[in-house]
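Next come the chains, spelled out residue by residue.
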Amino acid sequence: MSADPELIEVCVTLPVPGRYHYRVPPHLAGRAPVGSRVLVRFGKQKITGVVVRTNTPAPEGVKPIDLSEVLDEHPALSPELVELCLWIADYYEAPPGEALRAALPAGSGIKSKQVFALTDRGRLIADGAGAALPAKQRVVLARLATGELPLAGANAGMRRILEALITDGLAELRDQRANARVKLKRERVARLVGDVAEARAASAKSLKRVRVIDVLATGAVLTLDAIEQQVPGAKTTLRELAKAGLVELFERELALDAVETGADMLVIAPPQLTAEQAHAVAEITGSLDARPGPDGKRPFTPFLLHGVTGSGKTEVYLRVIAQALTQGKTALVLVPEISLTPQLAARFRARFGDLVAILHSGMSDQQRLGEWSRLRRGDARIAVGARSAVFAPLEGIGVIVVDEEHDGSFKQDEGVRYHARDVAIVRAQRNGAVCVLGSGTPSLETAAHAEKGPYRLLRLTERPMARPMPKVEIIDLRTYLPDGEGMLSAPLRAAIAETLAAGDQTILFLNRRGFATFVLCRACGHSFRCPNCSVSLTYHQHSDRLRCHYCNHLERIPETCPKCKAASIERKGLGTERVAAALAEAFPKARVARLDRDVATGPKIEVVLGRVARRETDILVGTQMVTKGHDFPGVTLVGVLCADTALDLPDFRSSERTFQLLAQVAGRAGRGDRLGRVMIQTYRPTEPAVVAAAAHDYAQFFAAEYAARQELGYPPHGRLIAVRIDGKDPHEVAAAAQQLGKIAQATAAQQGGVVDVLGPAPAPLERLRGRTRWQILLRSPDRHALRKVARSLPLGDPSKDPRASLDVDPVSAL
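To start, this report covers the structure provided alongside it. From a predicted model like this one, the values you see are computed outputs, not experimental measurements. (Residues numbered from 1 in each chain as written. Predicted model: local features only at pLDDT ≥ 70, side-chain atom pairs only at ≥ 80, totals over all residues. Heavy atoms only, no water.)

1. Looking at unusual backbone geometry
- Going from proline 715 to proline 716, the amide bond is cis rather than trans, its omega being 10°.
- Its place among the elements puts proline 716 in the loop between helix H22 (698-712) and strand S31 (719-727).
- Here the amide bond leading from glycine 759 into proline 760 is cis, since omega sits at 10°, within 30 degrees of zero.
- Its location among the elements puts proline 760 in strand S32 (residues 756-768). (Helix = DSSP H or I, 4+ residues; strand = E, 2+ residues; numbered from the N terminus.)

2. Thoughts on the environment of proline 781
- In this structure, proline 781 sits in the loop between strand S33 (771-780) and helix H24 (783-791).
- A sequence separation of 68 residues divides proline 781 from glycine 713, and the C-alpha atoms of the two residues are 7.1 Å apart.
- Those residues in contact with proline 781 that lie beyond four places of it in its chain are His717, Gly718 and Val754. (Contact = heavy atoms within 4.5 Å.)

3. Some points on the sheet that holds strand S21 (residues 505-509)
- Reading across the sheet, the 6 strands line up as S20-S30-S29-S21-S28-S27 and stay open at both edges, with parallel pairing between neighbours. Edge positions in the open sheet fall to strand S20 (471-476) and strand S27 (592-595), since each of these has one partner strand only. For this sheet, the mean angle separating the axes of adjacent strands, direction not counted, is 20°.
- Sheet topology note: the strand S29 (residues 635-640)/strand S30 (residues 677-682) ladder contains 4 bridges and is parallel. Residue glycine 639 lies in a different strand from S30, and its bridge partner there is methionine 679.
- Docked against the sheet, helix H20 (residues 654-666) engages S21, S29 and S30, running at close to 160° with respect to S29. (Pairing = 2+ DSSP bridges. Axes fitted to C-alpha atoms, helices over the stretch in contact; angles between N-to-C directions.)

4. What to know about the environment of threonine 314
- Tracing the backbone shows threonine 314 in helix H11 (residues 313-326).
- Once the C-alpha coordinates of threonine 314 and valine 401 are considered, the two residues, 87 residues apart in sequence, prove to be 9.9 Å apart.

5. Notes on the side chain of arginine 709
- Along the polypeptide, arginine 709 turns up in helix H22.
- Under the relative-accessibility criterion, arginine 709 is labelled buried at 2%.
- A polar side-chain atom of arginine 709 sits 2.5 Å from a polar atom in the side chain of glutamate 656.
- Once residues lying within four places of it in the same chain are set aside, the contact partners of arginine 709 are Leu444, Phe652, Arg653, Glu656, Tyr714, Pro715, Pro716 and His717. (Buried < 20%, exposed > 50% of the residue type's maximum accessible area, 1.4 Å probe, protein only. Polar contact = N/O pair within 3.5 Å; in protein donor to acceptor, adjacent residues only side chain to side chain.)

6. Observations concerning the pattern of salt bridges
- Enumeration according to the criterion identifies 41 salt bridges in this entry.
- A salt bridge links aspartate 225 to lysine 235, with the shortest nitrogen-to-oxygen separation between them at 3.0 Å. Note that aspartate 225 is positioned in helix H8 (residues 224-230) and lysine 235 in helix H9 (residues 234-243), a separation of 10 residues in sequence.
- Using a relative accessible area of 49% as the deciding quantity, one classes aspartate 225 as partly exposed.
- Ionic pairing is found between aspartate 483 and arginine 493, a salt bridge with its closest N-O pair at 2.5 Å. Of the two residues, aspartate 483 sits in the loop between S20 and helix H16 (490-501) while arginine 493 sits in helix H16, which places them 10 residues apart along the sequence.
- Several salt bridges share partner residues, and in doing so they unite Asp90, Glu93, Arg787 and Arg791 into one network. (Salt bridge = Lys/Arg side-chain N within 4 Å of Asp/Glu carboxyl O.)

7. Notes on the packing of aromatic side chains
- Here the structure, examined in full by the defined rule, presents 11 aromatic pairs.
- Here phenylalanine 659 and phenylalanine 701 contribute two aromatic rings whose centre-to-centre distance is 4.5 Å and whose plane-to-plane angle is 0°, an arrangement assigned as stacked. Remark: phenylalanine 701 occurs in helix H22 and phenylalanine 659 occurs in helix H20; sequence separation between them is 42 residues.
- On the accessibility criterion, phenylalanine 659 (2% relative accessible area) is buried.
- By way of ring pairs, the aromatic residues Phe659, Tyr698, Phe701, Phe702 and Tyr706 are connected into one cluster.
- For arginine 779, the ring lying beneath its charged end belongs to tyrosine 714, and the centroid distance is 4.8 Å. (Phe/Tyr/Trp six-rings, centres within 6.5 Å; stacked < 30°, edge-to-face > 60°. Lys NZ or Arg CZ within 6 Å of the ring centre and 35° of its normal.)

8. Topic: helix H17 (residues 576-586)
- For H17, the complete set of buried residues consists of Thr576, Val579, Ala580, Ala582 and Leu583. Viewed end-on, H17 has its buried residues packed into an arc of 165°, placing them on one side of the element. Counted as exposed and oriented over 90 degrees from the buried face of H17: Glu577 and Glu585. (Arc of directions from axis to C-beta.)

9. Here we look at H20
- Between the first and last C-alpha of H20 there are 18 Å, a value that for 13 residues agrees with the 18 Å anticipated at 1.5 Å per step.
- With respect to burial, H20 is a largely interior element, 12 of its 13 residues being buried.
- Within H20 the residues assigned to the buried category are Ser654, Ser655, Glu656, Thr658, Phe659, Gln660, Leu661, Leu662, Ala663, Gln664, Val665 and Ala666. (Expected span 1.5 Å × (residues − 1).)

10. What about the sheet that holds S32?
- Taken in spatial order, the 4 strands line up as S32-S33-S31-S34 in an open sheet, and their pairing is antiparallel. A strand with exactly one partner marks an edge of an open sheet, and here the two such strands are S32 and strand S34 (803-808). Going from strand to strand, the sheet's axes swing by 20° on average, the running direction of each strand aside.
- Of the pairings in the sheet, the one linking S31 to S33 comprises 9 bridges and is antiparallel in character. Looking at the pairing, arginine 724 lines up with glutamine 775 of S33.
- Across the face of the sheet, helix H23 (residues 730-750) comes into contact with S31, S32, S33 and S34 while running at roughly 10° to S33.

11. Re the packing of helix H1 (residues 79-91) against helix H14 (residues 420-431)
- For the pair H1 and H14, the least separation of the axes is 11 Å and the interaxial angle reads 135°. Taken together, the axis directions place H1 and H14 in an arrangement best described as oblique. Between H1 and H14 the crossing geometry is right-handed. Here Glu80, Leu81, Glu83, Leu84, Trp87 and Ile88 of H1 lie close against H14, whose contacting residues are Val423, Val426, Arg427, Arg430 and Asn431.
- Tallied by class, the residues present in the contact of H1 with H14 amount to 6 nonpolar, 1 polar and 4 charged. (Parallel < 35°, antiparallel > 145°, perpendicular 65-115°, else oblique. Left-handed = near helix turned anticlockwise from the far one by under 90°. Nonpolar A, V, L, I, M, F, W, Y, C, P; charged D, E, K, R; others polar.)

12. Quick word on the side chain of glutamine 277
- Mapped onto the secondary structure, glutamine 277 falls in helix H10 (residues 275-289).
- Here the side chain of glutamine 277 touches glycine 312 through a polar contact of 2.9 Å, landing on its backbone oxygen.

Right under this line is the structure:
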């Protein structure tokens, strides 16, 4: 009696919920462990799936079909990564197959579709041989003679004719498999089988065979080309030895060289640590060295490394990772932006060489697949990359670092909306690894965990070599009116001229989003905020109204300021292009460059930054990209053109983001031997975020913002889930949002009033890429009640308009 076939659970890489059961046919038995990619029938096509469970019974009433193919010699994902992806799917309310696809190298998926094609007999008849056919069958046969016809492309009438042709043996329905968009090259290799002396004795009559066996005698696996170089003509001899069972010939992935970092790499001796750095390294490595407890688990405590800009956090990371490597462990380092990756990766390569693999979306799919493969094989033991590098295929992780942990770019804003920082913490905990969150301006949630909860706080309060923090001046734009195009006040214009005369460099920062027209009183700096939600109101030109994008509150713009009664209400808009042009006109001898998404993407970012590093640029004008991690010793002046743009974004985090951006951009000044200077232009010089940033006082900002958030239950005092609705038809989107809002309100009422439902309301960016966007915000201190409300919403088919999706722990309401 034959054994029952093995059953496996598979998640298909499509935006569909759930897991699906398949049988493993006898010829594939034992070849589909957890983490393997498989090709399975799903509807009318075959699609890549990932095995997530083996030897699992099918639900009652389900009759599994056979899987079609196993795509990997070795599982593409480790069981640890599979379980991490399933956690992501559950926590972020996402399809599990989509979470698993995020962990696979881009472009490596395989699909298959069913097509109608001619049989050999059908081709003969199409060429004019054999019996006559009815006219309609002749037409279809002629069509098939030009190529296969997809099953999905045949209408009902065509299918009836095709079925008749199949019955007559003239056509067939077959699977057509599409190759992966990217795949690793393979190479032919050989290794000796069995005892060397026995192999020599068996080959004693052939000198060439003995020479080949001597080359393989070390037991190493060598490429056929490498053996050929030592023994000319060896490929024929190797085939003979393989037939005799003395040598094994097989294929393996071609080992690739490490990807270039895109930045200069200078190998220098590690610097002398400051006392604070040494303490931080000792504390973190002490945790790395800690022995597991009686339960076999090591106590898990993430570290917050809170260091002022330029305080040497990277050197702490390097020392800790070096210690992990000596213990035979691996390391993962996450950075927020592609523009940061080359510079940081160069420092890691300088210290650890080709043990470092680089992963970010600015690389080609082929490059990323190569680096992914180096990590999976163990050729590289340190992964450095942006958000998606959290899925790096590392075994034996000892330490995970999240640099600039506060940065919003760690949150995926479409598809599976995971937060890489939080996923990194979970991955570290599951692996018994140390997790280090580094920032000069920690997120309020992380800082709250360190101040009052489970994280351990380590501080770096000084820059190495006793370099002082830059002097910060606040320029009141109500007193020093800026010029029209360049937004330069007289003090900032004079400071730029002085910096140019001294041969130093200037960075000018403009925190502007594409839609960020903001309304304020020029006389007193008053801004307009929602009375219900404590967020800024957004001006909409088409309706000439101010709107709250949380609760949909509307206001007219008054003729006079409600605070000072002056007729000084202004609608202001700025842009880096206009500013750069005005600077080039004001300082004709200066070399002016821009750094924003319009002019610098992918490799172009490195070109712009390289020119600044080589002092080929005098003035750099940029958006948020200029604030993050760059180390330019020649920059002595940083100017913030208008601090108010971030404050007026319709988001409860706007004050936090303003403080972080101002503090981070200020940290770009004075990193060399000369004292830095920062000038912040603002219409609201007494705004707490501006005052605290100017004083380099995070504690002051945290205390004020923590209390303000507590009043309305925003994180860290509560949790949020955003419901995003979008579609091409504005009326359908609005109707769907209203319907979901009613359901959310009804379910929230059943939870005893612990869940607030804000909205529905149009999103601040109401139209984006031709689609209308609405949102509903769910807020509660009770995570389980919040989940119940979110999961009660009928989100519908994500492939049909209007679409609805959940964003758990959103970092932006825009």
